[in-house]
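# Summary of structural features
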Protein chains: 2
Amino acid sequence: MSLSAIVRGRLNYYYAVVQRVLGLLLMIFSVSMLAPVVVALIYGDGEMEAFIIGFFITLATGLAAWLPTRHVQRELKIRDGFLVVVLFWMVLSLFGAIPLWLATRPDMSFTDATFESVSGLTTTGATVLTGLDTLPHAILFWRVLLHWMGGMGIIVLAVAVLPMLGVGGMQLYRAETPGPIKDSKLTPRIRETAKALWYLYVSLTAFCALLFWAAGTTPFDAISDAFSAIATGGFSNHDLSLGYHDSPVIELAAIVSMLIGAISFGMHFSVWRSANPLNYWRDSETRTFLIMVVAATAVTTIVLLASGTYVDAPDAVIKALFQVLSIGTTTGFTTTDYTIWPSFLPMFLLLGSFIGGCAGSTTGGMKVVRFILLAKQGTREISRLVHPNAEIPIKMGGKVIPDRVVHAVWGFFSVYVTVFAVMFLILLSTGLNELTSFSAVAATINNVGPGLGAVASNMAGIPKLAKWVLCMSMLLGRLEVFTLLVILTPAFWRR
Amino acid sequence: MSLSAIVRGRLNYYYAVVQRVLGLLLMIFSVSMLAPVVVALIYGDGEMEAFIIGFFITLATGLAAWLPTRHVQRELKIRDGFLVVVLFWMVLSLFGAIPLWLATRPDMSFTDATFESVSGLTTTGATVLTGLDTLPHAILFWRVLLHWMGGMGIIVLAVAVLPMLGVGGMQLYRAETPGPIKDSKLTPRIRETAKALWYLYVSLTAFCALLFWAAGTTPFDAISDAFSAIATGGFSNHDLSLGYHDSPVIELAAIVSMLIGAISFGMHFSVWRSANPLNYWRDSETRTFLIMVVAATAVTTIVLLASGTYVDAPDAVIKALFQVLSIGTTTGFTTTDYTIWPSFLPMFLLLGSFIGGCAGSTTGGMKVVRFILLAKQGTREISRLVHPNAEIPIKMGGKVIPDRVVHAVWGFFSVYVTVFAVMFLILLSTGLNELTSFSAVAATINNVGPGLGAVASNMAGIPKLAKWVLCMSMLLGRLEVFTLLVILTPAFWRR
Ligand SMILES: [K+]
Ligand SMILES: [K+]
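Residues numbered from 1 in each chain as written. Chains lettered and ligands numbered in written order. Predicted model: local features only at pLDDT ≥ 70, side-chain atom pairs only at ≥ 80, totals over all residues. Heavy atoms only, no water.

## Considering the overall build of chain A
What chain A contains, in helices and strands, is 20 helices and 2 strands. At 22 Å, chain A has a C-alpha radius of gyration in line with the 23 Å of a compact globule built from 495 residues. Across its three principal directions, the C-alpha atoms of chain A cover 80 × 70 × 50 Å. Counting across all 495 residues of chain A, residues that qualify as buried make up 61%. Long-range contacts, defined as pairs at least 24 residues apart, comprise 71% of the intrachain contacts of chain A with a sequence gap of at least 6. Of the accessible surface of chain A, which amounts to about 18,500 Å², a share of 68% is contributed by carbon and sulfur atoms. Once the 32 positive and 27 negative side-chain charges of chain A are each reduced to a mean point, those two points are 17 Å apart. (Helix = DSSP H or I, 4+ residues; strand = E, 2+ residues; numbered from the N terminus. Rg over C-alpha atoms; globule rule 2.2 N^0.38 Å. Buried < 20%, exposed > 50% of the residue type's maximum accessible area, 1.4 Å probe, protein only. Contact = heavy atoms within 4.5 Å. Areas by Shrake-Rupley, 256 points an atom, 1.4 Å probe, with all protein chains shown as cover. Lys, Arg positive; Asp, Glu negative; His and termini not counted. Charge placed at Lys NZ, Arg CZ, Asp CG, Glu CD.)

Here it is as structure tokens:
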């Protein structure tokens, strides 16, 4: 055998299994494109063709990848996990863009179609489309379906995969998740966990859809908004987002749905199994999250009333709660143009999105659990100055957090900030101003969606380079930065 | 004895020693006010009276504090160190403001006088004054004298005090400084170190002044600029800052002076003792600092040339090097309005100031050594994902950095970012826009001086509340955040 043949043989051996998984995923994904076809048939407003072509291309590619590797026996190893996860979002985003690109209404460029698809699958919800209210139902449905599938992927990722990979301190969660635990092979673990979470996700989505419908939306909007809210995605069928309905009851339905999406699905699982909702409050991360939401809502309400933006207190409370939750959970729904709220409020909410929701939820941002650890560590360092010789362990939920995890969270934070700064500078170089650049990167790396300044309502008007950088930003955020960065290191490819 | 008498007795016992030190410092400080009196005599352009009154008030207060406590025997303990350091900057800033407040030219409010004095002593160099070129020499001299004394204080703080207090991982430097080392008593250590550094600081200042004078400035400007540059302060006698001279030779003199100010004075000390300038390059922090300056200058030059801002390459290089050094070393001199440079350059330089110069120098920012540790830790976390079981120690200069120090640096970083975000939001609440607020906080917490937007050249026009927040920001930055925060904790006061 020649050297190159040996190399090829080794590569085949290592990556055939990744190719097989990806082929399978693509075939499953292709089936989802039949849903918009059904929607197009029901509403008869066009764009069926784009999805049928998309279906065949995706299915054929999946088959082509899967067929030659279907007999590969090797199990997925931890390290393959990084590759599968990154490719899952990258490849599926590309194929998800096909129907959007092919569609005649809207008439999207390759860049725009990809942006919208990445934004969908990463549950960011930043859009480059305008005139949503007049788009074909199939297109609208595809957008929220991408959210919903992305959300499912994120839950499996956060609950089953990232703790195994040890990304950013998430090994913390290893012991707390459903499914077989101490198995080092990824496949059975992912399969079991996915099954349990699948039922939960579908049931909760159905519950949210009923909620929206009962609150008075059309059935189509009810399903769409439920898909979008539970995935903390933020795509809406209307240019005015949820403000279109102009109904406090529908806002309440959204508040409940976003809350469900922002709490760990491992937590939902445990509450469901124990039939004890008090477990939410007993969990230190969920409790901290809820307290922060209440505190931020209080601050926002006070400023809104003091500035005279709203005169009616209940009105101010609901507007504040809705917007705090929407940005804080990184959903990105809007009922009013909060970006012109007075004083520090718009930036306050945007900075809140860096914290995001609970780990194991569909939210973006750094996650509440990491924020708690950062705060505890910061406080510990100040205490240490007063008591230099004291050993002060960092605890959470009564358990001591190992140093390894603390280090990982620190590393995560600093890499997050650094990556943010670099993308901020690149966006400035495209000619966007400081507020727009800063908020666009924050809104994408935290998977929120809308930013401030020129990207307050949509990202249609920004330069092409900026759109691609923001695609990267959405993927970095969604993949918890490390998962994507690690496959860019030479060490990863050295076996 | 009644309970309150016991409490008073304990308080007296504990704080009498702090009062004694502070009284002494005030008396020494009062003498420095005689220097502007001499300047006023020489130039005969007024404002002598303000300094004479300031001298007597400060001297009297110092005496009143010192006299009743002069026989107190107890030595300063580590914990007293925090209090003395914080009071040093706070109390001296207040007394330093007296002559500025009393002066008729300029006619400053209490807020403005305090701001200018804090900005001077913290070597920030943000000014609320305009029309500098027409101000009396005594006032101009007092501003740079505050810088120069602040710079001396910072060096003693960074080289002798903070490592003892263990602030933000600076215990790293414990073994590398001149003076007696393993003594837990602060006073002799500070005294010895201060003496050694004092000679060095005076000599290097004289060298810089000669440099400026040789380059063609007036003797008065030469001394002023040397005071300002070595302290990386940034106050200038001219509204146009160093751009007033419009001379590349003077810019070179400033470049050399700022470089001296940005390198650890412990390092200067070791080079002087070993008579081997190669030691600069052997030190990993100094080396990294120099490499970063060169890299940032290259990037800046390329953008300046590519955008046609400068056509002449040598011209672009010197403008780039000067401005990179000025903002990167947190000096804040300007030769041109770099805030309107194209693309990402203004923000790039401002973000660079977060890194700042070397620990043990007069610069602000987080310091290069912490940046190195953050980068190494970030990289280690990515490597750990590929090699989950490997033990990868963090090394610097061949030595393994203890976990304790790594934790302290992380704590420092997150507290720095958090404090930054809070002050950013408060500034927004005063009605300043995002760019102005963001850059004003960055320019003060990093002790740079000029910001972007409405604070690009001075801070005269911002609201009063903003000025006080920025005073706090300058002090927080200068005291490495922790030193100030720790005395706000109840645990600090519990003995
Ligand atoms: K979102
Ligand atoms: K400065």
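Past the structure itself, the notes keep going.
## Description of the coordination of the potassium ion (ligand 1)
Residue and element names in this part refer to chain A. The potassium ion (ligand 1) binds to the protein through Thr123 (O), Thr124 (O), Thr232 (O), Gly233 (O), Thr330 (O), Thr331 (O), Asn447 (O) and Val448 (O); the donor distances cover 2.4 to 2.8 Å. Here the donor residues of the potassium ion (ligand 1) are spaced in sequence according to T-T-x107-T-G-x96-T-T-x115-N-V. In this pair, Gly233 sits in the loop between α8 (219-230) and α9 (248-262) while Thr330 sits in the loop between α13 (313-328) and α14 (345-352), placing the two residues 97 residues apart along the sequence. The burial state of Gly233 is the same as that of Thr330; both residues are buried. (Donors = N, O, S within 2.8 Å, 3.2 Å for Na, K, Ca; no water.)

## Examining the coordination of the potassium ion (ligand 2)
All names here are of chain B. The potassium ion (ligand 2) binds to the protein through Thr123 (O), Thr124 (O), Thr232 (O), Gly233 (O), Thr330 (O), Thr331 (O), Asn447 (O) and Val448 (O), with metal-donor distances spanning 2.4 to 2.8 Å. One chain supplies every donor to the potassium ion (ligand 2), and in sequence these donors are spaced T-T-x107-T-G-x96-T-T-x115-N-V. Placement of Thr124 in the loop between α5 (110-121) and α6 (137-165) and of Thr330 in the loop between α13 (313-328) and α14 (345-352) is noted, with a sequence separation of 206 residues between them. You can call Thr330 buried: its relative accessible area is 0%.

## Let's talk about the relation of the copies chain B and chain A
Two chain copies here: they are related by a rotation about an axis and a translation along the same axis. Relative to chain A, chain B is turned by 180° and slid 0.0 Å along the rotation axis, the superposed coordinates differing by an RMSD of 0.0 Å. When the rotation and shift are considered jointly, the pair of chain copies conforms to a two-fold rotation axis. Across chain B, the rotation axis passes nearest the C-alpha of Trp410(B), at a separation of 3.1 Å. Comparing contact sets, 100% of the residues at the interface of chain B also lie at the interface in chain A, consistent with an isologous, same-surface contact. (Least-squares fit on C-alpha atoms with pLDDT ≥ 70 in both.)

## Points about the interface of chain B and chain A
Where interface size is given, it is often the accessible area lost as the parts come together that is meant. Taken together, the contact between chain B and chain A spans 48 residues of the former and 48 residues of the latter. Interface area for chain B against chain A, summed over the two sides, is near 4,000 Å², with a carbon-plus-sulfur share of 73%. The three residues of chain B that bury the most area against chain A are Leu385(B), Arg404(B) and His407(B), which together make up 18% of that side's buried surface. There are 0 salt bridges connecting chain B and chain A. Linking chain B to chain A there are 6 residue pairs in polar contact (both at pLDDT 80 or more). Looking at the side of chain B that touches chain A, the elements that each hand over two or more residues are α4 (78-102), α14, α15 (368-386), α16 (403-429), α17 (434-445), α19 (482-486) and α20 (490-493) of chain B. By residue number, the principal contributor to the side of chain B that touches chain A is α16(B), which donates 16 residues. Among the residues forming the side of chain B that touches chain A, the class breakdown is 30 nonpolar, 10 polar and 8 charged. (Buried area = accessible area lost by both parts, 1.4 Å probe. Salt bridge = Lys/Arg side-chain N within 4 Å of Asp/Glu carboxyl O. Polar contact = N/O pair within 3.5 Å; in protein donor to acceptor, adjacent residues only side chain to side chain. Nonpolar A, V, L, I, M, F, W, Y, C, P; charged D, E, K, R; others polar.)

## Some details on the pattern of salt bridges
Overall, the coordinates contain 12 salt bridges over all chains when judged by the stated rule. When salt bridges that share partners are traced, they join Lys367(A), Arg370(A) and Glu480(A) into one network.

## Considering the UniProt feature "binding site: K(+)" (unreviewed entry) in chain A
Residues and elements named next belong to chain A. UniProt's feature table lists "binding site: K(+)" (unreviewed entry) at Thr123, Thr124, Gly233, Thr330, Thr331, Asn447 and Val448, given in the numbering used throughout. Over a stretch of 326 residues, the named residues converge on one spot in the fold, their C-alpha atoms separated by at most 8.9 Å. Take Thr123: it is sitting in the loop between α5 (110-121) and α6 (137-165). Beyond its immediate sequence surroundings of up to four residues, Thr123 is in contact with His147, Gly150, Gly151, Ile154, Ala231, Thr232, Gly233, Thr330, Thr362, Asn447 and Arg478. With residues near it in sequence (within four places) discarded, Asn447 still touches Thr122, Thr123, Thr124, Thr232, Thr330, Gly364, Met474, Gly477 and Arg478. (UniProt positions renumbered as here; feature names shortened; annotations may be inferred.)

## Focus on a nonpolar patch on the surface
All names here are of chain A. Judged by side-chain polarity, Leu41, Met48, Ile52 and Phe56 come together as a nonpolar surface patch covering roughly 370 Å² of accessible area. Top contributing element to the nonpolar patch by residue count: helix α3 (residues 48-66), with 3 residues. In this fold, Leu41 is placed in helix α2 (residues 34-43). (Patch = residues over 30% accessible without salt bridge, like charges linked within 9 Å, V, L, I, M, F, W, Y side chains within 5 Å.)

## Some details on the packing of helix α12 (residues 284-306) of chain A against α14(A)
All names here are of chain A. Put simply, α12 and α14 touch, their axes get as near as 11 Å, and they point 170° apart. Regarding the angle of α12 to α14, the classification is roughly antiparallel. Residues Ala296, Val299, Thr300, Val303 and Leu304 of α12 lie in contact with α14, whose contacting residues are Leu345, Phe348 and Leu349. (Axes fitted to C-alpha atoms, helices over the stretch in contact; angles between N-to-C directions. Parallel < 35°, antiparallel > 145°, perpendicular 65-115°, else oblique.)

## Quick word on the nonpolar core
Met347(A), Met459(A) and Met459(B) are the most contacted members of the largest nonpolar core, which totals 339 residues. If we ignore the near neighbours within four places in the chain, the residues touching Met459(B) are Phe115(B), Ala126(B), Thr127(B), Val128(B), Ala440(B), Ala443(B), Thr444(B), Gly449(B), Lys467(B) and Leu470(B). (Core = buried A, V, L, I, M, F, W, Y, C linked by side-chain atoms within 4.5 Å.)

## Overview of empty space enclosed by the protein
Scanning the model with the defined rule gives 5 cavities of 30 Å³ or more in all. Roughly 80 Å³ of volume is contained in the largest cavity. Forming the boundary of the largest cavity are Met347(A), Phe424(A), Glu434(A), Leu435(A), Phe438(A), Met347(B), Phe424(B), Glu434(B), Leu435(B) and Phe438(B). Counting residues per element, the ones that place at least two in the lining of the largest cavity are α17 (434-445) of chain A together with α17 of chain B. (1 Å grid on protein atoms, 1.4 Å probe; cavity = no way out; pocket = protein on both sides within 12 Å on 5 of 7 lines; lining within 4 Å. Points joined across faces, edges and corners; volume = space filled by probe spheres on them.)

## Thoughts on α9(A)
Working note: α-helix, 3.6 residues per turn, so residues spaced by three or four point in the same direction. Between its terminal C-alpha atoms α9(A) stretches 21 Å, which fits the 21 Å expected from 15 residues at 1.5 Å a residue. What α9(A) keeps buried is the set Ile250(A), Glu251(A), Ala253(A), Ala254(A), Ile255(A), Ser257(A), Met258(A), Ile260(A), Gly261(A) and Ala262(A). (Expected span 1.5 Å × (residues − 1).)

## What to know about the packing of aromatic side chains
Applying the stated criterion across every chain, the model contains 53 aromatic pairs over all chains. Each ring, one from Phe29(A) and one from Trp142(A), has its centre 5.8 Å from the other, and the planes form 50°; the classification is tilted. Here Trp142(A) lies in helix α6 and Phe29(A) lies in helix α1 (residues 3-32), a separation of 113 residues in the sequence. A centroid spacing of 5.4 Å and a plane angle of 65° characterise the contact between Tyr43(B) and Phe220(B), whose relative ring orientation is edge-to-face. Placement of the pair is Tyr43(B) in helix α2 (residues 34-43) and Phe220(B) in helix α8 (residues 219-230), with a sequence separation of 177 residues. Judged by its relative accessible area of 38%, Tyr43(B) falls in the partly exposed class. A cation sits over an aromatic face here: Arg143(A) above Phe235(A), 4.0 Å from the ring centre. The ring of Phe412(B) has Arg370(B) lying over it, and the distance from NZ or CZ to the ring centre is 3.6 Å. (Phe/Tyr/Trp six-rings, centres within 6.5 Å; stacked < 30°, edge-to-face > 60°. Lys NZ or Arg CZ within 6 Å of the ring centre and 35° of its normal.)

## Some thoughts on the environment of Glu49(B)
Positionally, Glu49(B) belongs in helix α3 (residues 48-66). When the C-alpha atoms of Glu49(B) and Ala103(B) are compared, they prove to be 8.0 Å apart, with 54 residues separating the residues in sequence.

## Describing the packing of α6(B) against α8(B)
All names here are of chain B. Between α6 and α8, the shortest axis-to-axis distance is 7 Å and the interhelical angle comes to 30°. Taken as axis vectors, α6 and α8 run roughly parallel relative to one another. In the crossing of α6 with α8, the sense of the turn from one axis to the other is left-handed. Residues His137, Leu140, Phe141, Val144, Leu145, His147 and Trp148 of α6 touch α8, and the partners they reach there are Phe220, Ile223, Ser224, Phe227, Ser228 and Ile230. Here the residues of the contact of α6 with α8 are counted per class, giving 9 nonpolar, 4 polar and no charged. (Left-handed = near helix turned anticlockwise from the far one by under 90°.)

## Description of the confidence of the model for chain A
Residue-level pLDDT values for chain A average 88, and 92% of them are 70 or greater. Per-residue pLDDT stays below 50 along residues 174-184 of chain A; that stretch engages in 23 contacts with residues further than four places along the chain or on separate chains. (pLDDT = per-residue confidence, 0-100.)

## Description of unusual backbone geometry
Cis geometry marks the peptide bond from Arg105(A) to Pro106(A), where omega comes out at 0°. Here Pro106(A) is to be found in the loop between α4 (78-102) and α5. With a phi angle near 55°, Thr123(A) is a residue other than glycine that sits in the positive phi range. In this model, Asp246(B) sits at a positive phi of 50°, which is unusual for a non-glycine residue.

## Some details on the environment of Lys395(A)
Residue and element names in this part refer to chain A. Following the sequence through the fold, Lys395 ends up in strand β1 (residues 395-396). Separated by 12 residues in sequence, Lys395 and Ser383 have C-alpha atoms that sit 15 Å apart. When sequence neighbours within four positions are dropped, the list of residues in contact with Lys395 reads Lys376, Val400 and Ile401.

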